[in-house]
Amino acid sequence: MPIEIEGVTKTFNGQRALDELSLRVEDGSFLTILGASGCGKSTLLNILAGLETPSTGRILLDGTPVTGPGPDRVVVFQKPGLYPWLSLRDNIAFGLRMRGSSSLPWREVDRVIELIGLKGFEKHRPYELSGGMQQRVAIARALVMHPRVLLMDEPFGALDAQTRETMQEFLTELWERIQATVIFVTHDIDEAIMLGSRLVVMSARPGRISLDEPVTLGRPRDWDMITTPDFLALKRAARRILAGQTH
Amino acid sequence: MLAKLVRPVAEADPYPHGRGLKHASWLTTSLVLLAAIGLWEIVSILQLFPPIALPPPKAVWRAFVILFTRGYGGHTIWTDIGISSLRVVIGFLGAIIIGVPLGLLMARVPLIFRIVDPFLQFIRPVPPLAYIPLLVVWFGIGELPKILLILVGTIPVIIIGTISGVKATPPLRLAVARTLGASERQIFRHVILPSALPEIFTAARVGIGVAWTCLVAAELIAADQGLGWLVQYAGQALQVAVVIAGIIVIGILGYAMELAIRLVENRTVPWRGRQ
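In this text the structure is predicted, and so the values were computed from the model without any measurement.

Calculation notes
Residues numbered from 1 in each chain as written. Chains lettered and ligands numbered in written order. Predicted model: local features only at pLDDT ≥ 70, side-chain atom pairs only at ≥ 80, totals over all residues. Heavy atoms only, no water. Domains from an automatic or database assignment. Contact = heavy atoms within 4.5 Å. Buried area = accessible area lost by both parts, 1.4 Å probe. Salt bridge = Lys/Arg side-chain N within 4 Å of Asp/Glu carboxyl O. Polar contact = N/O pair within 3.5 Å; in protein donor to acceptor, adjacent residues only side chain to side chain. Helix = DSSP H or I, 4+ residues; strand = E, 2+ residues; numbered from the N terminus. Nonpolar A, V, L, I, M, F, W, Y, C, P; charged D, E, K, R; others polar. Phe/Tyr/Trp six-rings, centres within 6.5 Å; stacked < 30°, edge-to-face > 60°. Buried < 20%, exposed > 50% of the residue type's maximum accessible area, 1.4 Å probe, protein only. Lys NZ or Arg CZ within 6 Å of the ring centre and 35° of its normal.

Participant: Got a minute to help me understand the domain arrangement of chain A in this structure?
Facilitator: In many reports, interface size means the accessible area that the parts give up when they come together. Residue and element names in this part refer to chain A. By domain assignment, chain A separates into domain 1 (1–72 + 149–160 + 167–246) and domain 2 (77–146). On a C-alpha basis, the centroid separation for the pair domain 1 and domain 2 is 25 Å. Every contact between the two is made by 17 residues of domain 1 and, on the other side, 13 residues of domain 2. Of the roughly 1300 Å² buried between domain 1 and domain 2, counting both surfaces, carbon and sulfur atoms make up 77%. Our enumeration of links across domain 1 and domain 2 arrives at zero salt bridges. Scanning the region where domain 1 abuts domain 2 turns up two residue pairs in polar contact (both at pLDDT 80 or more). Every element with two or more residues in the side of domain 1 that touches domain 2 is listed here: strand 7 (149–153) and helix 6 (161–178). Among the elements that take part in the side of domain 1 that touches domain 2, helix 6 stands out by supplying five residues, more than any other. Here the side of domain 1 that touches domain 2 is composed, by residue class, of 12 nonpolar, two polar and three charged.

Participant: Would you explain the interface of chain A and chain B in this entry?
Facilitator: At the junction of the two partners, chain A supplies 23 residues and chain B supplies 19 residues. Across the chain A to chain B interface the summed buried area is about 1800 Å²; carbon plus sulfur atoms make up 75%. By the criterion of area lost to chain B, the three top residues of chain A are W85, M98 and Y127 of chain A, representing 37% of everything that side buries. Counting across the interface, chain A meets chain B through zero salt bridges. Run the count over chain A and chain B and you get three residue pairs in polar contact (both at pLDDT 80 or more). Counting only elements with at least two residues in the side of chain A that touches chain B, the list comes to strand 6 (73–76) and helix 3 (94–99) of chain A. It is helix 3 of chain A that provides the largest number of residues to the side of chain A that touches chain B, a total of four residues. A per-class count over the side of chain A that touches chain B returns 15 nonpolar, three polar and five charged.

Participant: Help me understand the packing of aromatic side chains, please; the structure alone is not making it clear to me.
Facilitator: Where two aromatic rings form a pair, the distance of their centres and the angle of their planes describe that pair. Under the criterion given, the structure shown has 12 aromatic pairs over all chains. Taken together, a centroid distance of 5.0 Å and an interplanar angle of 70° make the contact between F68 of chain B and W78 of chain B edge-to-face. In this pair, F68 of chain B is assigned in helix 3 (residues 57–69) and W78 of chain B in helix 4 (residues 77–108), connecting sequence segments 10 residues apart. Judged by relative accessible area, which is 55%, W78 of chain B ranks as exposed. Both rings, one in W229 of chain B and one in Y233 of chain B, keep their centres 5.0 Å apart while their planes meet at 20°; by these two values the pair is stacked. Note that W229 of chain B and Y233 of chain B are positioned in helix 10 (residues 227–236) at a spacing of four residues, about one turn of the helix. For Y233 of chain B, a relative accessible area of 39% corresponds to the partly exposed category. Ring pairs connect the aromatic residues F30, F156, W175 and F184 of chain A, which therefore count as one cluster. Over the ring of Y83 of chain A we find R141 of chain A, and its NZ or CZ is 5.9 Å from the ring centre. Residue placement shows K167 of chain B over the ring face of F113 of chain B; its charged tip is 5.8 Å from the ring centre.

Right, dumping it as structure tokens:
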């Protein structure tokens, strides 16, 4: 039950942001999409989410074309985008509430709160939490919907280095437990290799796939792996592509 | 030793600058007030202006005492305060009850915006005084035209504030709701409305001031009670001390109502300014 991107093109004001892009993402995989800013990687993610429509081509989820946003493909954005008028618990339950079920599965909500390590903060408002905590809430809010695909658009880009590392470890552990498909967009080479089981590198103007390689590092991942030959070889290849883009 | 004294304060207070400002502003306000009254006293002692134009603070204080005990024009100032506050509050609430839903509709439905906006832009720059003859011809000289005048004067502020609150909803909040499967209706109710609330409150705070501004105009319409009437009536009799006392009461009441709205605001939108 894969995600298929079939010949997706996106044109903005005559400029091609995405050029005939095709990709097949297997169920349960962790795909990282690496690219410089402006290469169209966020556009691709928005099209996958259904927030934008492709100019040509289509996205198939289990063979069914995607026509709009849906809770089976939840996005975690660069900024948490929590609702300040809701408590942490209500923020996480927001999607469930929108689904309109008469009784909310609070036990599931609390399980997810425990999963992200924020037990005891249920009643806190978002502005009372640190940036890293807020982003964990944003992830929890997505997870509680049991999405088939978790789409992540540079979710740790706005965090400081230490918090980012903690969050990367947290996400890796989480993915091993939930086994959902994750599509993770980033411009950070190390992050892309460290997290993904498969690395796609995009080049810009027009947005195309220039590299598509499995990440052969074992799991659990560890930051010491960044000196292994496999890591370095992949990093070198990715850097060559990104460097070719900046003149 | 000094560090020991300073550190606990710095740790206990996460917003030292904010607190400092607040404290200073109270002090500054009282000092400025005292200085103004002192200057006023000096100017009236020196008789730079004739006492009939600028009575000394003592005369205004006497006017206050008389207004609150014997009254002016056959009733005490409490009646004027009551009737004026009632007019302002009803006119203002009317502007909120009509203005907020209308603003929300205008922000969401382009057709309604195109229908209402020309009228809104038209009535906005017209001074409330100009409506008086029309309101009298249409609605007579009772309470209705007075309240309507306040309502018409206040409603543009409320509508414009509401529209701008809706438009200022961060796109990220909308995108989040969309990917979580919310319908357009749910997004409006659960995301746009709460996002617009802080600006609606700002509009209400500006609006209550405007409502009081319209009051004096409203009480030009055949009134024999009310603070606006009091100020005009005393003015015609050259009772400047009473005029000043009336102005001070209007100012205090306007400020008190603004504070009341701010209190509701702090309880309703505690997240304001803290994203």
